[in-house]
Amino acid sequence: MAALTIDGIGVDFGGFKAVDNFSMTVEEGELRVLLGANGAGKTTLMDLISGKTKSTEGRILLHDRDITNWQEHKIAREGVGRKFQIPTVFRELTVRENFEVAGFNHHGVLLNVGSRRKKIAADRIEEVTNLVNLRGKLSDRAGSLSHGETQWLELGMVLVQNPKIILLDEPSAGMTVQETLKTSQIINDLKGRHTLIVVEHDMAFVREIAEKITVMHLGKVLAEGVIQDIENNQAVKDAYLGRGGIG
Amino acid sequence: MSTKKKLEFLAYAIFIVITFMMPLFLDIFWLNRIAKYLVFGMLGVAISLSWGYAGILNLGQGLFFGAGAYMLAASLKLASPTSLQQGSDTPVPDFMLWNAEPGSLTDLCCITKVSFLWIPFQAQWFGIFMGLVLPVVLAFILGNIIFRQRISGVFVAIITLATVLLFRLLMIDFQPLTNGFNGLTDLGWFTLAGFEFDPYTVQTYYLVAASLAVVLVATRWLVSTRAGLVLQSIRDDANRTRYLGFDVSSYQIFFFCVSALIAGFAGMLYVIAAEFASPTFMDLTFSITMVVWAAVGGRSSLLGACIGAILINVIEATVSETELFVEAWQAIIGLLFVLVVLFLPRGLAGLANDITDRLLGGAKKSQQDAPSGE
């Protein structure tokens, strides 16, 4: 059974189909890159997987469990972690507290009223802190971090939860060249250990990390394959890469 | 424990000790006044919890304060000597006679169409029980409507504001049940285990001061639990919290109810100290005033908001009674608010926080050479 099976998913926003009969299978431990022009439906697809948008057709299976149109927090508990395009962290809390919240082993309000904050997934937090290069920043307020560090913090929060599938929406957006390089190292580090779906525009970045690529166009699958296939695919060139080929 | 946390605990301890030492310095008239201000301090705690920690700006906190107040006041009204002198074997509130159905029996069962609702309030424990339960039930219903729909920000403020005005109108209109505009006055004393709490005694003051200490410590504990941390996460980014697997609305509803419980408890204590319950508790100005107290004291600090409420009331009382300022005191208080909001956006607690940071920062620098662990 594949880690994630998307079977003919679609959503109709009052006549406009942002995602239309889209199917994709992602194997355990795979890193899949989602490519596509603005408006191709990449983020909407992420929204459909994570429960933000309710689908009007099709199914989404996490291993063999049907998670189609569940509430967001239930999908998250089932093991789908999502990092947003615009980094969202808890700005008034410290970096450590951000990780702690992510690491809580239960989510109900009454269970958490009875729990002190000592010793929450301490090993896991340390491991993740090293992975996302935030050593020495644990006591800093999250709001005081740089843009790149904020992106890593959010990625780290998702990682603390050790989700079955990680959705990354443009993880290198707004980063400097060095930060982008570091991010690609982090993602390469995760390869094989986690199942990842990455939405990305930056072709240089995609070359760094990609194994298999799915290209979206007008809400549908346009092409699927390894990077060479995609770069040489005429339909992709016409629809997305266009003038002058891949940058 | 970090130095800063130790200082915070010290601040709580000092505050509680000072409130308990007040009877050494003040006469009974002022003690009763301060008791009322401590009740307002408790409202500051409730506002800080919902606004500062949860990011829920509730402009209708007076609804919960009023609900708690009216419930206990109903019991104390029936315990009043005048209620026993209405020509019946059982107590009947005087205002019900003025609203009586023609030819009806002078008894709670049937003197007015709705007077039977008062029957269980003959037991004081029922008044206390309802004073705690009713605010929570109202908050639970209101919270479910607001937070399950993912309403946030200014819209929460508008809905809570409209709700408190609606209930105020109902309280005034249901004259036969609530005595309308006049509220419930001429109350008996609160009795606990055979002891009568005369509002103008030091015992009543201690009852209020001890209640405030318990509420402060319990609320401070609550926000230090995991649930408290999740609550602050929701305030900073509800969506992020949701995608970490937390049911955001259940946290918001829970803390909205806790905040209502504190406000309801404050309402009951106010009735004990002030001996009346009135629809003015549900006036818009009162609910907004509470928010101003918390803003001046510092909404992100429970203790700060509490001290803010007490301080402003003490200043108001002294300034308004100083002959020189009798005409101008409201302008002076208004100016004070404007200055605080302009120059101390995080209130007095924010100022205290910055000062300790600076002092601790200085101390840290001088220690920098020494090898240090945490």
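Scroll up to find the structure.
Here is what the cut-offs are and how they apply
- Residues numbered from 1 in each chain as written.
- Chains lettered and ligands numbered in written order.
- Predicted model: local features only at pLDDT ≥ 70, side-chain atom pairs only at ≥ 80, totals over all residues.
- Helix = DSSP H or I, 4+ residues; strand = E, 2+ residues; numbered from the N terminus.
- Rg over C-alpha atoms; globule rule 2.2 N^0.38 Å.
- Buried ≥ 20, exposed ≤ 12 C-beta atoms within 10 Å, placed from the backbone.
- Contact = placed C-beta atoms within 7 Å.
- Expected span 1.5 Å × (residues − 1).
- Bend = angle between axes of the 7 residues up to and from the residue.
- Nonpolar A, V, L, I, M, F, W, Y, C, P; charged D, E, K, R; others polar.
- Pairing = 2+ DSSP bridges.
- Axes fitted to C-alpha atoms, helices over the stretch in contact; angles between N-to-C directions.
- Right-handed = clockwise from strand over helix to strand, strands pointing away.

**Q** Break down the overall build of chain A for me, with residues and values.
**A** A count of helices and strands for chain A gives ten helices and ten strands. The C-alpha atoms of chain A give 18 Å as radius of gyration, which agrees with the globular expectation for 247 residues (18 Å, within 12%). By principal-axis analysis of the C-alpha atoms, chain A measures approximately 55 × 40 × 35 Å. Counting over 247 residues, chain A shows a buried share of 42%.

**Q** Could you give me a rundown of the overall build of chain B, with the residues and numbers involved?
**A** Broken down by element type, chain B carries 15 helices and two strands. Computed over C-alpha atoms, the radius of gyration of chain B comes to 23 Å, within 12% of the 21 Å expected from 2.2 N^0.38 for 374 residues, which places it in the range of a compact globule. Going through the 374 residues of chain B one by one, you find that 44% of them count as buried. Of the contacts formed within chain B by residues at least 6 apart in sequence, a portion of 74% connects residues at least 24 apart.

**Q** Help me get a handle on helix α1 (residues 3-25) of chain B, residues and values and all.
**A** All names here are of chain B. Under the 1.5 Å per step criterion, the end-to-end length of α1 is 32 Å for 23 residues, consistent within 8% with the ideal 33 Å. A bend of about 30 degrees at Thr19 is the largest found in α1, and the proline Pro23 appears one to four places after it. Among the 23 residues of α1, one are classified as buried, and the element is accordingly described as predominantly exposed.

**Q** So what's going on with the interface of chain B and chain A? Residues and values would help.
**A** Facing 21 residues of chain B, the contacting portion of chain A comprises 26 residues. Mapped onto the side of chain B that touches chain A, the elements with two or more residues apiece are α9 (226-236), α10 (238-242) and α11 (248-274) of chain B. In terms of residue class, the side of chain B that touches chain A is made up of nine nonpolar, six polar and six charged.

**Q** Kindly report on the sheet that holds strand β1 (residues 4-13) of chain A, identifying the contributing residues and their values.
**A** Residues and elements named next belong to chain A. Pairing within the open sheet is antiparallel, and its four strands lie in the order β2-β1-β4-β5. This sheet does not close on itself; its edge strands, each paired only once, are β2 (16-26) and β5 (65-66). Here seven bridges tie β1 to β2, and the two strands are oriented antiparallel to one another. Looking at the pairing, Val11 lines up with Val19 of β2. Most of the contacts of helix α1 (residues 42-50) go to β2, to which it runs at about 65 degrees, and overall it touches β1, β2 and β4 (57-62).

**Q** Would you mind going over the pairing of strand β8 (residues 195-199) of chain A in detail, with residue names and values included?
**A** Residue and element names in this part refer to chain A. Most of β8 sits inside the fold, with five of its five residues counted as buried. As paired strands, strand β7 (residues 165-169) and β8 are joined by five bridges and run parallel to one another. Bridging from a neighbouring strand, Ile166 pairs with Leu196 of β8. Remark: the β7/helix α7 (residues 177-190)/β8 crossover connection has right-handed handedness.

**Q** Residue-level account of the sheet that holds strand β9 (residues 212-217) of chain A, with values.
**A** Residue and element names in this part refer to chain A. On the basis of which strands lie adjacent, the open sheet formed by six strands has the order β6-β7-β8-β3-β9-β10 and mixed pairing. For this open sheet the edge positions go to β6 (80-83) and β10 (220-226), each flanked by a neighbour on one side alone. When the angles between neighbouring strand axes are averaged without regard to direction, this sheet yields 20 degrees. With six bridges joining them, β9 and β10 adopt antiparallel strand pairing.

**Q** Which residues make up the environment of Gly103 of chain B, and what are the values?
**A** Residues and elements named next belong to chain B. Residue position: Gly103 is located in the loop between α4 (94-98) and α5 (124-148). Overall, the presence of 5 C-beta atoms within 10 Å leaves Gly103 in the exposed class. Taking the C-alpha atoms as reference points, Gly103 and Gly153, 50 residues apart in sequence, are found 53 Å from one another.

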